[in-house]
Amino acid sequence: MKQDSDLRNNLKSIRTRLGMSQQDLANIANVTRQTISGVESGLYAPSVAITLRLAKALGCQVEDLFWLERDLPEIEAILAKPVPNGQQLRVSMARVGGQWIAYPLIGKDAFRQDMIPADGESTSLTGTNKVRVRLLDDNLETLHNTVVIAGCAPVISLWARATERWHPQLRVQYNFANSMAALHSLCRGEAHIAGMHLYDPETGEYNTPFVRDVLAGREAVLITLGVWEEGLLLKSGNPMGIRTVTDLVSGGATIVNREIGSGSRMLLEQTLQKEQIAFDAVQGFDNILKSHQDVAQAVVRGVADAGMSTASVATAFGLGFIPLHRSRYDLVILKEYLEEAPVQQLLSTLGHRMVHSQFEILGGYDISKIGEVVATV
């Protein structure tokens, strides 16, 4: 039978994963090798009997082998960031504030360490920032049960994975963003939760003044994730004998810095101002990296002598560390999202021992007040 133009199959990938040749599969399923070749190439639509024999031979369900392309839904979504016009995209999807958001999986956003699986592919632009997305499966429940967090704390991924083990039906999508970028992402409706660690020396408050300013009257709560030690990452053994930011200048050390809007950059600038050191007196002040991990790797590779990050990152990379400040890392959540079931499930795990043990073994975090509401705005 000639192939239905909407019929798709996964026969070759499953067969090769099992180490079978076309002839091996043909022998087990009692069909010809030409039949296997025709099905895999899309030239032949198998009968019900052959379909059942193929599924049995491969030890899978019929639905794992065959599907109809037209059965996959298409939905309109808002792009979380601009993309080249007309470019087809792999995207990750979530429902935030009653609308679909599409997160382009491009460049570094396509990876954590492994490549991130896509939920769909964009098919066309429908407006300045809107796109049609063809989903790769019809499991809309997973997308509805996705909580999106924007932030820069590496422990967010630990929290997310521990939560997903406890609530298998819940998915946590962690979008990397510095503190101010995360807050603006929340304000634009691209995330349910923003993580941030910004200190305001004028008020002596953490995070709350920045939230009030950016959200401009929208109601939100701030929940503490933990207090972490921030300071200078150094080469193991501290061969340059650096103890303070003043030593960076007197010792001729080269640093790497973070981008504007990050808590680490803000702390470095505040510390230099307190010591009355000009920014341009520090070698490498304008060498910008965009994550705690990138800063640590630059010091490990010898690209820089020092960089601003946290004690836990220093431990993870086997680096020296000079503490400069203890910063409170808060989760900012709009009140309109607080009663959503997936968000409630995620927040409920802040009191779970599985989450606490992950933070404790990492080190560099005080989680004695984890889960506490520290402010409302």
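The coordinates are above.
For the structure given in this document, a descriptive report is provided here. The numbering scheme is per chain: residues are counted from 1 as the chain's sequence reads. Reporting in this predicted model follows two pLDDT cut-offs: at least 70 for local features of residues, and 80 or more for side-chain atom pairs to be given and counted; totals over whole chains, interfaces and linings ignore these cut-offs and use all residues. The side-chain figures draw on all heavy atoms in the structure; neither hydrogens nor water molecules are used.

### Focus on the packing of helix H7 (residues 155-166) against helix H16 (residues 353-362)
Here's step 1: At a minimum axis distance of 9 Å, the contact between H7 and H16 shows a crossing angle of 150°. By the angle between their axes, H7 is roughly antiparallel relative to H16. As for the relative orientation of H7 and H16, their crossing is right-handed in sense. Two secondary-structure elements touch here, H7 through Val155, Leu158, Trp159, Ala162, Arg165 and Trp166 and H16 through Met354, Val355, Gln358, Phe359 and Leu362.
Here's step 2: Residues of the contact of H7 with H16, tallied by class, amount to 9 nonpolar, 1 polar and 1 charged. Think of each axis as a best-fit line through the C-alpha atoms, taken over the contacting stretch in the case of a helix, with angles from 0 to 180 degrees between the N-to-C directions. We count a stretch as a helix when DSSP gives it H or I for four or more residues in a row; a strand needs E for two or more, and each element gets its number in order from the N terminus. Here the word oblique covers every angle except those under 35 degrees (roughly parallel), over 145 (roughly antiparallel) and from 65 to 115 (roughly perpendicular). It is the rotation of the near helix from the far one that decides the hand of a crossing: anticlockwise by less than a right angle makes it left-handed, clockwise makes it right-handed. Two residues qualify as a contact provided that any one of their heavy atoms is within 4.5 Å of a heavy atom in the partner residue. Residue classes follow a fixed rule: Ala, Val, Leu, Ile, Met, Phe, Trp, Tyr, Cys and Pro count as nonpolar, while Asp, Glu, Lys and Arg count as charged, and any other residue, Gly among them, counts as polar.

### Thoughts on the nonpolar core
Here's step 1: The nonpolar core is taken to be a set of buried Ala, Val, Leu, Ile, Met, Phe, Trp, Tyr and Cys residues, with the residues joined through side-chain atoms within 4.5 Å. Exposure categories follow from relative accessible area, calculated using a 1.4 Å probe and restricted to protein chains: below 20% of the type maximum is buried, above 50% is exposed, and the middle band is partly exposed. Ranked by internal contacts, the top residues of the largest apolar core, which has 58 residues, are Trp159, Leu225, Val332 and Leu347.
Here's step 2: Ranked by residue count, the leading element in this core is strand S13 (residues 220-234), at 6 residues.
Here's step 3: Ignoring sequence-local partners within four residues, the contact set of Trp159 consists of Ile149, Leu225, Leu331, Leu346, Leu347, Thr349, Leu350, Val355 and Phe359.
Here's step 4: Core analysis: the second largest hydrophobic core is formed by 19 residues, Leu7, Ile14, Ala29 and Ile50 among them.

### As for the pattern of salt bridges
Here's step 1: Each salt bridge in this description consists of a side-chain nitrogen of Lys or Arg and a carboxyl oxygen of Asp or Glu lying within 4 Å of one another. Going through the model one piece at a time under the given rule, you end up with 12 salt bridges.
Here's step 2: We note a salt bridge from Glu190 to Arg188, for which the minimum N-O separation is 3.0 Å.
Here's step 3: Among the residues examined, Glu190 registers a relative accessible area of 10% and is labelled buried.
Here's step 4: Its salt-bridge partner being Arg353, residue Glu360 comes within 3.0 Å of it at the nearest N-O pair.

### Observations regarding the sheet that holds strand S6 (residues 120-125)
Here's step 1: Strand pairing is assigned whenever DSSP detects at least two bridges linking the two strands. If you walk around this closed barrel you meet the 5 strands as S3-S5-S4-S6-S7, and the pairing is mixed. Each adjacent strand pair in this sheet contributes to an overall mean axis angle of 55°, direction not counted.
Here's step 2: With 6 bridges connecting them, strand S4 (residues 90-96) and strand S5 (residues 99-104) associate as antiparallel partners. From the neighbouring strand, Ser92 faces S5, where its bridge partner is Tyr103.

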